[in-house]
Amino acid sequence: MITGIGVDLIEINRVLKACQKESFMRRCFTSKEIDLIREDSKKAADNFAVKEAVAKMFGIGFRGFSLTDIEVLRTKEGKPYVNLYGSAAEIAKRQGTAVIHVSITNTKEYANAFVVGEAAE
């Protein structure tokens, strides 16, 4: 059963510019995400879009949890996945979300993320 959906579209250059500030990086991304972004800077916009989409999936925006409570990583094949921590994990549990499916696409200018929350069977 679907517990929520979320989508976000963000300007890549806007995020890349913000990432020039270390304080922005530390406020928005986990240390594993920062390592990933240092390898490929465009992943910053992708990950930020996923975080926004997850907040929309919850239906509450960024209330009661921080950006670093949502971690977006990739499998060795490149498939994105989400780890939830702290308050975001608690919200997901309360809402019955056991799995978050993620899709990311981009153009030269924009990053787009779509997420679907799914309940455990």
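Residues numbered from 1 in each chain as written. Predicted model: local features only at pLDDT ≥ 70, side-chain atom pairs only at ≥ 80, totals over all residues. Heavy atoms only, no water.

### Remarks on the overall build of the protein
Then comes step 1: Check the secondary structure of the protein and you find 5 helices and 5 strands.
Then comes step 2: What you see in the protein, going N to C, is helices and strands ordered as β-α-α-α-α-β-β-α-β-β.
Then comes step 3: For the protein, whose C-alpha radius of gyration is 14 Å, the value lies close to the compact-globule estimate of 14 Å for 121 residues.
Then comes step 4: Structurally, the protein occupies a C-alpha span of about 40 × 25 × 25 Å along its principal axes.
Then comes step 5: Per-residue burial over the protein gives 43% buried out of 121 residues.
Then comes step 6: The contacts of the protein with a sequence gap of at least 6 include a subset with a gap of at least 24, amounting to 56%.
Then comes step 7: Accessible surface for the protein amounts to roughly 7,000 Å². Of this, 51% is attributable to carbon and sulfur atoms. (Helix = DSSP H or I, 4+ residues; strand = E, 2+ residues; numbered from the N terminus. Rg over C-alpha atoms; globule rule 2.2 N^0.38 Å. Buried < 20%, exposed > 50% of the residue type's maximum accessible area, 1.4 Å probe, protein only. Contact = heavy atoms within 4.5 Å. Areas by Shrake-Rupley, 256 points an atom, 1.4 Å probe, with all protein chains shown as cover.)

### Some words on the pattern of salt bridges
Then comes step 1: Tallied over the full model, the rule gives 5 salt bridges.
Then comes step 2: With a closest N to O distance of 3.2 Å, Glu22 and Arg26 form a salt bridge. Of this pair, Glu22 and Arg26 both sit in helix H2 (residues 22-28), 4 residues apart, which is roughly one turn of that helix.
Then comes step 3: Of the residues examined, Glu22 reaches a relative accessible area of 38% and is grouped as partly exposed.
Then comes step 4: Measuring nitrogen to oxygen at the nearest pair gives 3.3 Å for the salt bridge that ties Arg38 to Glu22. On the criterion of sequence distance, the pair formed by Arg38 in helix H3 (residues 31-39) and Glu22 in helix H2 is long-range, its members being 16 residues apart.
Then comes step 5: A network of salt bridges, in which partner residues are shared, links Glu22, Arg26 and Arg38. (Salt bridge = Lys/Arg side-chain N within 4 Å of Asp/Glu carboxyl O.)

### Quick notes on the packing of aromatic side chains
Two aromatic rings are characterised by how far apart their centres lie and by the angle between their planes.
Then comes step 1: Counted according to the given criterion, the structure contains 4 aromatic pairs.
Then comes step 2: Centre to centre, the rings of Phe24 and Phe48 are 6.1 Å apart; their planes meet at 25 degrees, and the pair counts as stacked. One end of the pair, Phe24, is in helix H2; the other, Phe48, is in helix H4 (residues 43-58), and 24 residues separate them in sequence.
Then comes step 3: For Phe24, a relative accessible area of 12% gives the class buried.
Then comes step 4: Look at Phe48 and you get buried, because its relative accessible area is 12%.
Then comes step 5: Between the aromatic rings of Phe58 and Phe65, the centroid separation amounts to 5.5 Å while the plane-to-plane angle is 90 degrees, which identifies the pairing as edge-to-face. Each of the two residues, Phe58 as well as Phe65, counts as buried. (Phe/Tyr/Trp six-rings, centres within 6.5 Å; stacked < 30°, edge-to-face > 60°.)

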